[in-house]
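# Coordinate analysis (summary)
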Amino acid sequence: MMRPPKAVFGGLMTFRRHATRLRGLCVGLASVGVMAHAAGVQAPLLPSNHALIITVSEYQRSPLPGVLTDRKLATELATRFGVPPQNIVQLSEQEVTREGLKQAFAALSEAIMPGDKLYVYFSGHGARYFNKVKGQCTESIVMQDMHVVTNAEFAGMTKPLSAKTDKTVVMLDSCHSGGVANAANSRALSSPVAAQRPKFSAEASSPQCALAVNLGSFSTNRGVDLNTTDHNLVILAAARNNEVAWDTSKGGALTYNFSQCLGGNAADTDHSGSLSMQELTDCVQARLDKTQEDTAVQHATLVGNARLVPAFSDSAAGAPPPVQSAPPAAQSAPVTSAAAATPATPAPATSAPPAAIDTLAALNDIYNQRDDRWVVEAKLGQPTLKIGSNLNVSVRSQRNGFVYLFYQGTQPDSFYLLFPNQLDSANAISANQDLALPRSDWSVTALGPRGTDHLLVMVTETARDFSALALPAEYVSQAGPFEKIQRTPQAVARIGQIATLSAVARKPACQDSPSRDLGVARQCSNVFGASLVNVEEIE
């Protein structure tokens, strides 16, 4: 059978039946059938995901009964993040010593392969002691035997693992977990709310470092901040460096509220179809502000990759309530992304449709899951594209892999997987070799209107599966040889999961934990590099 010729653009379009207008770009090619699935909120359980859950409730002088609940909630969160039960390591009560921590991190280092994901959780007391060498208060977490591990030491145990993993998420539900300030004087700690206990150990602290701003006065001499700028690491601390965190009858205030937010109470404020760590943290803080007294409010502190999505939904899993989408805020100036327009006559709250997905935000969610140590360059043939001219892009990758090209055009519903496609499925790329797209038998031509097009170029270590089996027709519609992605939360979340998950992830070889070695880890890798570029369409 003869291959359909390339469409010709400009003036009247020849071979119109083989061309597809993308409302911004026009692509000349043949037609293709397409896909869909229903999305949940449970990430797939993968042997490449690991968790270390560290909890202490039984302190001799100041027990924390809520930590027993934290232990259960943290295990549920690990499962939500896709950690299988056999990969959840529990370190609790008498096991939580300085040496116990060192051994647990050492064992994790042996078990984890490059490209794996890690979730580390701690719930227990925090403390502050005066460091004579540094002349300041140093914050720490308190072991069950009342010895302390400083935040800097804990970060030192975590950083080598984060250098090995693709992504590491750390949650610290203890006082001063975001760093600490010096106290002006010493006072007995007492909770302003009877149902709350401060997760702070005065016994393990120095008298001059015993106060926090949400319990009393403090000086401005700052201590050590637990901080990171590593794109592959995100740390959520229960309180600022000058605050205590609270233990309640429902568990730690941070842990309980984070669980509630992930379970359906968080707002998808950027309308991307997924929840980032920043959106989850904002939800946690809003709940803390409502339930804690003004003088005792703790402030959740997030550092590292705030745009990390801890769990793209898995359509195969059972799910708690769906992600809520916040209504678009009023705009004082035009927005460049594809936000939903506000209806002229708002519908009643009970029947209002969910806000439309912002496809640029959805692309950014995928982009922010990349491994930024993997350099991918995408160079446009020209920085601006005159309407009627063709798009050209050159891709270069630091590693061997497979190329995927997503496109979001100048209209809200222009969201496509352009490459690979029905006419060109050869998407392998060799390290440090240029790949020019489109190839000779297909083209992408600007048809307007004026505005900004966005291209996400992914290079994955293993192939992805965008077939009709993975994306049935309610998620993707027919658009020539391309997959046009529907602007629904379910469709976009499913795309996010497939983009970040190897096509072989659920095959037996990748699900067998005991047989995992470096070779298997690479064959089943979910790691990818990415580049996000813009091109202006002009007249």
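Residues numbered from 1 in each chain as written. Predicted model: local features only at pLDDT ≥ 70, side-chain atom pairs only at ≥ 80, totals over all residues. Heavy atoms only, no water.

Further remarks concern the overall build of the protein chain. A count of helices and strands for the protein chain gives 9 helices and 28 strands. The proportion of buried residues among the 539 residues of the protein chain is 56%. In the protein chain, the proportion of contacts linking residues at least 24 apart, taken out of those at least 6 apart, comes to 80%. Accessible surface, the protein chain as shown: approximately 22,100 Å² in total, 53% of it carbon and sulfur. (Helix = DSSP H or I, 4+ residues; strand = E, 2+ residues; numbered from the N terminus. Buried < 20%, exposed > 50% of the residue type's maximum accessible area, 1.4 Å probe, protein only. Contact = heavy atoms within 4.5 Å. Areas by Shrake-Rupley, 256 points an atom, 1.4 Å probe, with all protein chains shown as cover.)

At a closest axis distance of 10 Å, the pairing of helix α2 (residues 98-111) and helix α3 (residues 151-164) adopts a crossing angle of 5°. Taken together, the axes of α2 and α3 are roughly parallel relative to one another. Between α2, through Arg98, Leu101, Lys102, Phe105, Leu108 and Ser109, and α3, the contact on the second element is made entirely by Glu153, Phe154, Met157, Thr158, Leu161 and Lys164. Looking at the contact of α2 with α3 residue by residue, the classes come out as 6 nonpolar, 2 polar and 4 charged. (Axes fitted to C-alpha atoms, helices over the stretch in contact; angles between N-to-C directions. Parallel < 35°, antiparallel > 145°, perpendicular 65-115°, else oblique. Nonpolar A, V, L, I, M, F, W, Y, C, P; charged D, E, K, R; others polar.)

What follows concerns the nonpolar core. Judged by nonpolar contacts, the single largest core of 35 residues is most densely connected at Tyr119, Met171, Leu236, Phe258, Met277 and Leu280. Of all the elements in the fold, those that place two or more residues in this core are β3 (49-55), α1 (66-80), β5 (117-123), β9 (167-173), β13 (233-237), α4 (253-265) and α5 (277-291). Within the second largest apolar cluster, 30 residues are counted, among which are Tyr59, Val142, Val148 and Leu233. (Core = buried A, V, L, I, M, F, W, Y, C linked by side-chain atoms within 4.5 Å.)

Turning to the confidence of the model for the protein chain, a few remarks are in order. Scored by pLDDT, the protein chain has a mean of 76; 74% of the residues are at 70 or more. Note that pLDDT drops below 50 for residues 1-40; the model gives that stretch 141 contacts with residues more than four away or on any other chain. Across residues 212-227 the pLDDT falls below 50, and counting only partners more than four positions away or on other chains, this stretch makes 67 contacts in the model. (pLDDT = per-residue confidence, 0-100.)

Turning next to the pairing of strand β21 (residues 415-419). With 5 of 5 residues buried, β21 lies mostly within the body of the structure. One ladder, built from 4 bridges, connects strand β20 (residues 401-408) with β21; its direction is antiparallel. Residue pairing in the sheet places Phe406 in a bridge with Leu417 of β21. In this antiparallel pair of consecutive strands, β20 and β21, the connection spans 6 residues. (Pairing = 2+ DSSP bridges.)

Burial within strand β25 (residues 451-460) is extensive, with 8 of its 10 residues counted as buried. One ladder, built from 7 bridges, connects β20 with β25; its direction is antiparallel. When the sheet's bridge partners are listed, Leu405 is paired in β25 with Val457. In terms of strand pairing, β25 meets strand β28 (residues 528-538) through 10 bridges, oriented antiparallel. When the bridges of β28 are listed, Leu456 appears paired with Leu532.

This next bit is on the pattern of salt bridges. For side chains of opposite charge, pairing can occur when their charged atoms come near one another. With the rule as written, the count across this model stands at 11 salt bridges. The residue Asp413 makes a salt bridge to Lys484 at a minimum N-O spacing of 3.7 Å. Of this pair, Asp413 sits in the loop between β20 and β21 while Lys484 sits in strand β27 (residues 482-485), and the two are 71 residues apart along the sequence. Here the salt bridges do not stand alone but share partners, grouping Lys117, Asp166 and Lys167 into one network. (Salt bridge = Lys/Arg side-chain N within 4 Å of Asp/Glu carboxyl O.)

Turning our attention to the state of the cysteines. Scanning the entire structure with this criterion turns up 2 disulfides. At a sulfur-sulfur separation of 2.0 Å, the disulfide partner of Cys510 is Cys524. The disulfide joining Cys510 to Cys524 has a torsion of about -85° about its S-S bond and is therefore left-handed. Note that Cys510 is positioned in helix α8 (residues 508-511) and Cys524 in the loop between α9 (518-523) and β28, a separation of 14 residues in sequence. A relative accessible area of 8% means that Cys510 is categorised as buried. (Disulfide = S-S within 2.5 Å.)

This paragraph deals with the environment of Gly381. Relative to the helices and strands, Gly381 resides in the loop between β17 (376-380) and β18 (384-386). For Gly381, a relative accessible area of 53% corresponds to the exposed category. Placed 10 residues apart in sequence, Gly381 and Leu391 show a C-alpha to C-alpha distance of 7.1 Å.

Moving on, we come to the sheet that holds β3. Here 6 strands make up an open sheet; going across it, the order is β4-β3-β5-β9-β13-β16 and the pairing mixed. Here the strands that pair on one side only, and so sit at the sheet edges, are β4 (88-92) and β16 (301-304). When strand polarity is set aside, the average angle formed by the axes of neighbouring strands in this sheet is 10°. Across 7 bridges, β5 lies against β9 in parallel orientation. Note that in β9 the partner of Tyr119 across the bridge is Val169.

Along the chain, the position of Gln144 falls in the loop between β7 (136-142) and β8 (148-150). Residue classification places Gln144 among the buried positions, given a relative accessible area of 18%. Here the side chain of Gln144 touches Glu58 through a polar contact of 2.8 Å, landing on its backbone oxygen. (Polar contact = N/O pair within 3.5 Å; in protein donor to acceptor, adjacent residues only side chain to side chain.)

Now for α5. One full turn of an α-helix is made of 3.6 residues, so residues set three or four places apart face in the same direction. Helix length check: α5 (15 residues) gives 21 Å between terminal C-alpha atoms against 21 Å at 1.5 Å per residue, within 8%. Taken together, the buried positions of α5 are Met277, Glu279, Leu280, Thr281, Cys283, Val284, Gln285 and Leu288. Taken together, the buried residues of α5 touch β9, β13, α4 and β16. (Expected span 1.5 Å × (residues − 1).)

Let us now look at unusual backbone geometry. Geometrically, the link from Phe419 to Pro420 is a cis peptide bond, its omega value of 0° lying close to zero. The residue Pro420 is located in the loop between β21 and β22 (428-429) in this model. For the peptide bond that leads from Leu437 to Pro438, omega is -5°, which places it in the cis range. Its location among the elements puts Pro438 in the loop between β23 (435-437) and β24 (443-446). Here His271, not a glycine, exhibits a phi torsion of approximately 60°, which is positive. Residue class for His271 comes out buried when judged on its relative accessible area of 6%. Even without a glycine there, the phi angle at Asn432 is positive, about 60°. Mapped onto the elements of the fold, Asn432 is located in the loop between β22 and β23.

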